[in-house]
Amino acid sequence: MMAVRRRPQNPSSPGEPAKSQKQNLKASDALPLPLYLTNGLFFTLFFTVAYFLLHRWREKIRTSTPLHVLTLSEIAALFSLFASVIYLLGFFGIDFVQSFVSPNNARAPHDPWNDVVAVEQQPKNDVVRVAPLAAAGGGTSSEEDEDIIKSVMSGTTPSYSLEASLGDCRRAAAIRREALQRTTCRSLEGLPLEGFDYESILGQCCEMPVGYVQIPVGVAGPLLLDGEELTVPMATTEGCLVASTNRGCKAIHVSGGAQSVVLKDGMTRAPVVRFSSAARAAELKFFVEDPLNFDSLAVVFNRSSRFARLQRIQCAVAGKNLYMRFTCSTGDAMGMNMVSKGVQNVLDFLQSDFPDMDIIGISGNFCSDKKAAAVNWIEGRGKSVVCEVVIREEVVRKVLKTNVAALVELNVLKNLTGSAMAGALGGFNAHASNIVSAIYLATGQDPAQNVESSHCITMMEAVNNGKDLHVSVTMPSIEVGTVGGGTQLASQSACLNLLGVKGASKESPGSNSRKLATIVAGSVLAGELSLMSALAAGQLVKSHMKYNRSSRDVSKLACPS
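Rules used in this analysis
- Residues numbered from 1 in each chain as written.
- Predicted model: local features only at pLDDT ≥ 70, side-chain atom pairs only at ≥ 80, totals over all residues.
- Heavy atoms only, no water.
- UniProt positions renumbered as here; feature names shortened; annotations may be inferred.
- Helix = DSSP H or I, 4+ residues; strand = E, 2+ residues; numbered from the N terminus.
- Buried < 20%, exposed > 50% of the residue type's maximum accessible area, 1.4 Å probe, protein only.
- Contact = heavy atoms within 4.5 Å.
- pLDDT = per-residue confidence, 0-100.
- Core = buried A, V, L, I, M, F, W, Y, C linked by side-chain atoms within 4.5 Å.
- Axes fitted to C-alpha atoms, helices over the stretch in contact; angles between N-to-C directions.
- Parallel < 35°, antiparallel > 145°, perpendicular 65-115°, else oblique.
- Nonpolar A, V, L, I, M, F, W, Y, C, P; charged D, E, K, R; others polar.
- Pairing = 2+ DSSP bridges.
- Phe/Tyr/Trp six-rings, centres within 6.5 Å; stacked < 30°, edge-to-face > 60°.
- Expected span 1.5 Å × (residues − 1).

- In the annotation of an unreviewed UniProt entry, the entry for the protein reads 3-hydroxy-3-methylglutaryl coenzyme A reductase, and the organism field reads Prunus armeniaca.
- Per UniProt, the comment on the protein under Function (unreviewed entry) is "Catalyzes the synthesis of mevalonate, the specific precursor of all isoprenoid compounds present in plants. Component of the triterpene saponins (e.g. ginsenosides or panaxosides) and phytosterols biosynthetic pathways. Promotes triterpenes accumulation in roots."
- Its UniProt record gives the protein the following Sequence similarities (unreviewed entry) comment, quoted word for word: "Belongs to the HMG-CoA reductase family."

Take a look at the structure:
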């Protein structure tokens, strides 16, 4: 990798460093607060006291009170008005004030050498001794940006506030990146900065960006699912994964296609509340689960969104603590924020009848989000989907290169018995998480929800007198959305568009996200078929050495013993 250095400064006498620092002073350096906060404070002060004085003088004129008779508050207001006027005059004449602070601080002519990057090979570490203003991918070179970089490094300007203070997300990322390189003395060369819309992630996808990571996107298919041919985008760095899924798609296609059913569709959130006694916690449990009270709670819950519709509330008591698992439909959104707002509405409503209820947290992990949990495996979360296909005997033999009996036996011993021996929770499959993660990354889903979304049981059974193979995957907690979060980013939006599920469905709210869930399940079905066939035929190592490993003979590179 590369290391970058600035040309050393000219030697100076002992007195010159102090002189240099004095020349770099600005008028704003004397302010106790950042310049934009100080400006806002004095603007507010000016208009506030001006309004107050005009109001007071109008009252005096109306009541015939002499104008020169001033109260203490009026004297303070006049003083504040004069102070703010003086500051604002100084602010608008900042260049004039600056000339008094540093009269000899004339702008020096540009020295091209300061922008020259001396490059040398560093075999051990990517060390940045002093990062240049125009470092590779940094993109900052103006004197103003240089001042901001130094301010960020010193802690005067918080890194997280750059977007708000600069009003330019791309420039903020470049400045933050440069400050990070200098602070850590580590190069970020190779992490792209250009070519990304940083405005699109502001306030919803990522904070304090310094670049973006490139993940290749491959396509598998066509996947024939529910009578429709689909090309599935998969973002991954694992060789052989797309190729393997593609082979499974072929087997499904030539066998007539797969069918899917959405069994449930409901996102969950489970707050935890505490009472002074277990009896009081049980009292709220009975109240919430009483069907006579459900309609009232649903009305309060549904106010949070025009798409949120409360389906049920499931309670669990632990001593004097109560966990209430709310389940609701969320349209085409994944729905975490939607259900959380609805839950908060219900908690506020219940507080009036249960004033002794202590709300410990809006989420008590009985939901359960981004964790392997039996409640999701049994009750479901998000979309619960089952997908099946019958693979003909000749397809198993010619496309998958194995036979039906071998696949059925392997599935029992590996996916069922082997997973049981390991104490698996929802992991009765070969590699469902591989496909789920790849599609999630490509379509802008929350990758951390791969944990529960990959809950899957793969079943294989010989049918039609043992000639053909019936394969199914049952996935109770696929958490996906086609609006919100990362789905609105350009690349991820394009992948959703490829699948025909971009954005919200106007005709049938929620149908796009349900279709995406079935696509995930169908792709998992294809991936399970292919991997299990490779294992049964003894092809796994060979295929990975072909697609996922270097072909170099490493034995020749090994040091002799």
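From this point, the narrative continues.
## A look at the environment of Val339
Alright, step 1. By secondary structure assignment, the location of Val339 is in helix α11 (residues 336-353).
Alright, step 2. Residue classification places Val339 among the buried residues on the basis of a relative accessible area of 0%.
Alright, step 3. In contact with Val339, other than residues within four places in its own chain, are Met267, Thr268, Arg269, Phe301, Phe326 and Cys328.

## Some details on unusual backbone geometry
Alright, step 1. Cis geometry is adopted by the peptide bond preceding Pro222, which originates at Gly221 and carries an omega value of 10°.
Alright, step 2. If you trace the backbone, Pro222 turns up in strand β3 (residues 217-225).
Alright, step 3. With an omega of 0°, the peptide bond between Cys367 and Ser368 qualifies as cis.
Alright, step 4. Positioned with a positive phi, Lys370 is a non-glycine residue whose angle comes to about 60°.
Alright, step 5. Tracing the sequence through the fold places Lys370 in the loop between β9 (358-361) and α12 (374-379).

## Points about the confidence of the model for the protein
Alright, step 1. When the pLDDT values of the protein are averaged, the result is 85; 80% of them are 70 or greater.
Alright, step 2. Considering only residues more than four positions removed or in separate chains, one finds that residues 100-140, a stretch of pLDDT under 50, has 89 contacts.

## So, the nonpolar core
Alright, step 1. Counting 51 residues, the largest nonpolar core has Met234, Ile252, Ile391, Leu469, Ile478 and Val524 as its most contacted members.
Alright, step 2. With near-sequence residues (within four places) excluded, Val524 lies in contact with Ala432, Ile435, Val436, Cys456, Val473 and Met475.

## What to know about the packing of helix α8 (residues 241-254) against helix α18 (residues 511-536)
Alright, step 1. Viewed as axis vectors pointing N to C, α8 and α18 meet at an angle of 105°, and their least axial separation amounts to 7 Å. Taken together, the axis directions place α8 and α18 in an arrangement best described as roughly perpendicular. Counting all contacts with α8, which are made through Ser244, Thr245, Arg247, Gly248, Cys249 and Ile252, the residues of α18 involved are Gly522, Ser523, Leu525, Ala526, Gly527, Leu529, Ser530, Leu531, Ser533 and Ala534.
Alright, step 2. Class assignment of the residues belonging to the contact of α8 with α18 gives a composition of seven nonpolar, eight polar and one charged.

## Focus on the pairing of strand β10 (residues 382-391)
Alright, step 1. When you tally the buried positions in β10, you get seven out of 10 residues, the bulk of the element.
Alright, step 2. Pairing analysis gives seven bridges linking strand β5 (residues 259-269) to β10, with the strands arranged antiparallel. Across the sheet, Val261 pairs through a bridge with Val386, a residue of β10.
Alright, step 3. Of the pairings in the sheet, the one linking β10 to strand β13 (residues 468-478) comprises eight bridges and is antiparallel in character. Bridge assignment links Val385 to a residue of β13, and that residue is Met475.

## Some points on the packing of aromatic side chains
Alright, step 1. A complete count under the given rule lists seven aromatic pairs for this structure.
Alright, step 2. Judged by centre distance (6.1 Å) and plane angle (10°), the rings of Phe301 and Phe326 are stacked. Taken together, the positions of Phe301 in helix α10 (residues 291-302) and Phe326 in strand β8 (residues 321-329) put the pair 25 residues apart, joining distant regions of the chain.
Alright, step 3. Accessibility expressed as a relative area gives 0% for Phe301, which makes it buried.
Alright, step 4. Take Phe326: its relative accessible area is 0%, and that puts it in the buried class.
Alright, step 5. Cluster of aromatic residues (ring-pair linked, three or more members): Phe196, Tyr198 and Tyr212.

## Comments concerning α8
Alright, step 1. Look at α8: 20 Å from first C-alpha to last across 14 residues, which is about the 20 Å you get at 1.5 Å a residue.
Alright, step 2. Within α8, the full set of buried residues consists of Leu241, Val242, Ser244, Thr245, Arg247, Gly248, Cys249, Ala251 and Ile252.
Alright, step 3. For α8, the elements touching its buried residues are β3, β4 (228-235), β10, α13 (393-398), α15 (432-443) and α18.
Alright, step 4. The positive-phi residue at the C-terminal boundary of α8 is Gly256, with phi of around 105°.

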